[in-house]
Amino acid sequence: MSDQGIVASTPFVSLGHRHEELSARGWTVLTPDEFAYDVLGTLHEFGPVIPQFNGQTAFAITRKPGYEDLPYSQSMNGIGPHTEAPVYGPPPRYLALHCHQQATCGGGHTGLVDGYQLLTYLERTDPELREWIDDTPVEFVATAKPGEAAQRRVKEYILTPTEDGDIFRFSYNQFHYGDVNPSKEDLQQSKVTNSTSPLARFAMLGEAYFVQHNTPVLIPDGCMLIWDNWRMIHARSRYTDPARNLTRYWLA
Ligand SMILES: [Fe+2]
């Protein structure tokens, strides 16, 4: 037998186990050898890449000047628990963070919690509040970039059943400050602290659940974290290493 005529081509990498992990646990991490040859092609196996708030398909998550006092992606501040883009109908199905350089200061984790499990927990511990969630739409507002005038605004249920799966929406910034991307003025006063409204109670319970149950993921250099944004709540821990550099993608 001769091996003549066999031509080397782009190595085929099976991502079956990553798809399984994503559907079983809600998130997965791809190693560089699983996508290095083709980031966008690999992402496409999970879903089409769609434009983000600024119209771009790739968004830099790294420190930019001007956001020092804001819980914004391009600051180094922590960002409270949320699902991405709750003002979209539907919000992106999957989110991906490709890590070029991770923070080395001990911060910069992406925390993840299963939002469906939060609702199951609520059913057991506060059935009345769980019912309120099914009965009451909530207003979500998003300024594309803090300080800009343009806003997206929708009224949506916290859990929306669809043919493709249930969509869960949660936003610490929205519940507290009335905007997914709050301005400095918005941050002056919380609508949750000292309130006894059902939404304030849900916000506080959700935050406590997140703090207790989240898995903090520090994406290693070169790796890519992908999670189900209809199911998982995510947050970012504060960091101080200005070299942290990631690219964010939204998948439909
Ligand atoms: Fe986010």
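Residues numbered from 1 in each chain as written. Predicted model: local features only at pLDDT ≥ 70, side-chain atom pairs only at ≥ 80, totals over all residues.

A. Structural context of the overall build of the chain. A tally of regular secondary structure across the chain gives seven helices and 14 strands. With the principal axes as the frame, the chain shows a C-alpha extent of 75 × 40 × 35 Å. Counting only residues that meet the buried cut, the chain has 36% of its 252 residues in that class. The contacts in the chain between residues at least 6 apart in sequence include a share of 74% that link residues at least 24 apart. (Helix = DSSP H or I, 4+ residues; strand = E, 2+ residues; numbered from the N terminus. Buried ≥ 20, exposed ≤ 12 C-beta atoms within 10 Å, placed from the backbone. Contact = placed C-beta atoms within 7 Å.)

B. Structural detail: the sheet that holds strand β11 (residues 215-217). Taken in spatial order, the four strands of this open sheet run β4-β13-β6-β11, and their pairing is antiparallel. Here the strands that pair on one side only, and so sit at the sheet edges, are β4 (79-82) and β11. Looking at each pair of strands side by side, their axes are set apart by 20 degrees on average, direction ignored. Where strand β6 (residues 110-114) and strand β13 (residues 232-236) come together, five bridges link them in antiparallel fashion. Bridge pairing links aspartate 114 to methionine 232 in β13. Packed on one face of the sheet, helix α4 (residues 115-125) meets β6 and β13 and runs near 50 degrees to β6. Helix α7 (residues 198-213) rests against β4, β6 and β13 of the sheet, and its axis sits at about 110 degrees to β6. (Pairing = 2+ DSSP bridges. Axes fitted to C-alpha atoms, helices over the stretch in contact; angles between N-to-C directions.)

C. Main features of the nonpolar core. If you look at the biggest cluster of nonpolar residues, it comprises 37 residues, and the most contacted ones within it are Ala96, Leu97, Val113, Met224, Leu225, Ile226 and Trp227. Sequence-distant contacts of leucine 97, defined by excluding residues within four places in its chain, comprise Ile61, Thr110, Ile219, Met224, Leu225, Leu246 and Arg248. Listed in part, the seven residues of the second largest apolar core include Ala85, Val87, Tyr88 and Val141. (Core = buried A, V, L, I, M, F, W, Y, C linked by C-beta atoms within 7 Å.)

D. Representation of the environment of serine 183 in the model. Structurally, serine 183 can be placed in the loop between α6 (172-177) and α7. As for serine 183 and proline 65, which are separated by 118 residues in sequence, their C-alpha atoms are 15 Å apart. The contacts of serine 183, once residues within four sequence positions are left out, are Pro146 and Gly147.

E. Main features of the packing of α4 against helix α5 (residues 127-135). Running from amino to carboxyl end, α4 crosses α5 at an angle of 130 degrees, the nearest separation of the two axes being 6 Å. Considering their axes alone, α4 and α5 lie oblique with respect to each other. Touching Leu119, Leu122 and Glu123 of α4 are Pro127, Leu129 and Arg130, all from α5. A class-by-class count of the residues in the contact of α4 with α5 yields four nonpolar, no polar and two charged. (Parallel < 35°, antiparallel > 145°, perpendicular 65-115°, else oblique. Nonpolar A, V, L, I, M, F, W, Y, C, P; charged D, E, K, R; others polar.)

Keep in mind these values describe shape, not function.
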